[in-house]
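A structural walkthrough
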Amino acid sequence: MLLWALADVNSMYASCEQVFRPDLRGKPVIVASNNDGSIIARNKEAKLLGIKMGAPLHQCMDVIRQNRVAVFSSQYTLYGDMSNRVMTLLADMAPAHEVYSIDEAFLLYPNGLHQAESHGRAIVERIKRCTGLGIGVGFGPTKTLAKLANHIAKTSPSAKGVFDISVLNQLELDALLESLPISEVWGVGRRHAERLGLLGIQSVKQLRDADIDQIKTQFGSVLCRTVLELRGIVCFPLEENAPDKQQIMCSRSFAHEVSDLDVLGSAISHHVCRAMQKLRSQQSVTNGFTIMIRTNPFKPELIQHYGSMTGMLSRATDDTLVVQRLALQVLAKLYRKGYRYKKAGVMLLEVQPKSFHQHDLFEPIQLSNPRRDALMQSMDKIAHRFGREKIKLASELYKGWEMRRERLSPRYTTRWNELPKVTC
DNA sequence: TCTGGGGTCCTAGGACCC
DNA sequence: TCTGGGGTCCTAGGACCC
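So, here's what we can say about the structure.

Calculation rules
One numbering rule holds for all chains: residues counted from 1, following each sequence as written. In the order they appear in the text, chains get letters beginning with A and ligands get numbers beginning with 1. Residues qualify for local features only when their pLDDT is at least 70, as the model is predicted, and side-chain atom pairs are given and counted only at 80 or more; totals for whole chains, interfaces and linings, by contrast, use all residues. The basis for every side-chain value is the complete set of non-hydrogen atoms in the structure, without hydrogens or water. Only buried residues count toward a nonpolar core. Its members are Ala, Val, Leu, Ile, Met, Phe, Trp, Tyr and Cys residues joined through side-chain atoms within 4.5 Å. Buried means the residue's accessible area, taken with a 1.4 Å probe over protein chains only, is under 20% of the maximum for its type, while exposed means over 50%, and partly exposed covers the values in between. The way it works is that DSSP assigns letters per residue, a run of H or I at least four long becomes a helix, a run of E at least two long becomes a strand, and they are numbered from the N terminus. In this description, contact between two residues means that some pair of their heavy atoms is separated by no more than 4.5 Å. What makes a residue near a molecule or strand is one non-hydrogen atom of that residue sitting within 4 Å of it. Whenever two N or O atoms come within 3.5 Å, that pair is a polar contact, provided that in protein one can donate a hydrogen and the other can accept it, and provided that, for residues adjacent in sequence, both atoms are side-chain atoms. Any residue that is not Ala, Val, Leu, Ile, Met, Phe, Trp, Tyr, Cys, Pro, Asp, Glu, Lys or Arg is counted as polar, Gly included; the first ten are nonpolar and the last four charged. When DSSP finds at least two bridges between two strands, those strands are taken to pair. Axis geometry follows a simple rule: fit a line to the C-alpha atoms, using only the stretch in contact for helices, then measure angles between N-to-C directions, giving values from 0 to 180 degrees.

A few words now on the nonpolar core. One finds L90, Y109, I123, I135 and F139 to be the most contacted residues of the largest nonpolar core, which totals 36 residues. For this core, the secondary-structure elements that each account for two or more residues are β1 (3-9), α1 (12-19), β2 (29-32), β4 (70-73), α4 (76-91), β6 (104-109), α5 (116-131) and β7 (135-140). Considering every element that reaches this core, the biggest residue donor is α4, with 7 residues. In this structure, I135 is in contact with A7, D8, V9, N10, L90, I123, V124, I127 and G161, ignoring residues within four places of it in sequence. Ranked by size, the runner-up nonpolar core spans 29 residues in total, among them I291, V323, L331 and L334.

Shown next as structure tokens:
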């Protein structure tokens, strides 16, 4: 009998920081979003202090100071590398797996497991030993139930990090689902939870037993599949190979507001470079892009401007210079003098595989420009080997749009000169 | 002073076609 | 009194995820 597992790292970002800072063990740790804006990760101790997910950092400074909470700026280089290590180990412990997010993977056992719980404990132990990170593992007959089991693994003291929902008998399962609110279900967000509540559906058991036609007509086919998954019917299959991105977005808030067009242009150029690099790394081309700039919506006393404008290309491309040139032209149209901009970004649209892109009827057919392809390859290689900061376009060089990252930890695992120091 | 940055899918409604 | 009946395609917006 087929069995799913969901393994996910406990407080991933906070745990990654803690692994390299043994002095912080047992102490509250939080990680701030880009620009040190809001709180995006908290360890157990920080949660106990009542620090909320998504809360603006500056509103929590009292509790942070009083309790000596360790605060880190987010360091995705580190988290990404630690994630790769975890995923490699997990892949080795199941016949098939799917990396679902930076800190979660589904594992699939097509023939089930005799001792799921002890296997789960072996996974937890191995990840801890090899990476220093704690994980929780939930087993169930569908992805949705495995996710729910994972929630129990992490929150129920008796589960101690591993829980198999598939071994429960019908009465036990009903009692458990009755005790869980629908908001714990994967695919039920705040809006759905509110609307379901109005229909009197509050527990997971009630959702599982709800009228499927009513769910379909009132909430759509996605939630309908979720309900079926709660009944043990597999609707969400394994996706072993992450599909190529259909859109690629790069955007950042600025530490300080920006009014100068050249500085905004520098930010846009930088985001175009990053986005195009992502595009090439999945061997795709883009047909166009949207540029976005906006003022600070949290300052209603300032005059606001949210501007976005799309530029379409005559031919799909993966050439940074082509997109960057047009992007700056679009930005110049979008820009309004005198506004204090807080964020800029670019989104690549109509992303498709380079191997079969559509040619323009009115343009001469040209498969690619070998010189430009070589240039792009060289840029990517240099950036990969020596770091993104070593190769830039001239238009990226205006300063003044940096992020705030005042509590950044070293890139312990990916830079030789930032390796953790060991004292013997 | 200070509020992230990515993504996906689905649906409703309008434009347009014959 | 009764005012066609199907389609497709596109877009904006809403919901969800981490």
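This brings us to the protein's contact with DNA strand C. DNA strand C sits among 13 residues. The nearest are E104, K147, G187, G189 and H192. For DNA strand C, the fraction of protein-proximal atoms (within 4 Å) that sit in sugar or phosphate groups is 100%. D103 is positioned such that a nitrogen or oxygen atom in its side chain is 3.3 Å from a sugar or linking oxygen of DNA strand C. R190 places a polar main-chain atom, nitrogen or oxygen, 3.5 Å from a phosphate oxygen of DNA strand C. Of all the elements in the fold, those that place two or more residues in the surface near DNA strand C are β5 (96-101) and α8 (190-198). For the surface near DNA strand C, the leading source of residues is α8, giving 3 residues. Considering only residue class, the surface near DNA strand C consists of 4 nonpolar, 4 polar and 5 charged.

Positive phi outside glycine occurs at K160, with the angle close to 50 degrees. By the secondary structure assignment, K160 is in the loop between α6 (143-155) and β8 (162-164). By relative accessible area, K160 is classed as exposed at 64%.

Pairing is mixed across the open sheet formed by 5 strands, whose spatial order is β5-β6-β1-β7-β8. Edge positions in the sheet fall to β5 and β8, since each of these pairs with one other strand and no more. Sheet twist, expressed as the average angle between the axes of neighbouring strands with direction ignored, equals 15 degrees. The sheet contact formed by β7 and β8 spans 3 bridges and is parallel. When the sheet's bridge partners are listed, G138 is paired in β8 with F163. Packed onto the sheet, α4 meets β1, β5, β6 and β7 and runs at close to 5 degrees relative to β6.

A few words now on the protein's contact with DNA strand B. Taken together, 28 residues lie near DNA strand B, and M249, S251, R252, S253 and K299 sit nearest. When atoms of DNA strand B within 4 Å of the protein are sorted by moiety, sugar and phosphate together comprise 75%. At 3.0 Å from a phosphate oxygen of DNA strand B is found a main-chain nitrogen or oxygen belonging to Q246. Measuring from a phosphate oxygen of DNA strand B, one finds a side-chain N or O atom of N296 at 3.5 Å.

As a further point, take the sheet that holds strand β3 (residues 39-42). Strand order in the open sheet formed by 3 strands is β3-β2-β4, and the pairing between neighbours is mixed. Each edge of the open sheet carries a strand with a single partner, namely β3 and β4. In this sheet, adjacent strand axes meet at a mean angle of 25 degrees when their direction is disregarded. Relative to β4, β2 runs parallel, the two sharing 4 bridges. From the neighbouring strand, A32 faces β4, where its bridge partner is S73. Those strands touched by α1 are β2, β3 and β4, and its axis lies near 115 degrees from that of β2.

All we've got here are geometric facts, nothing functional implied.
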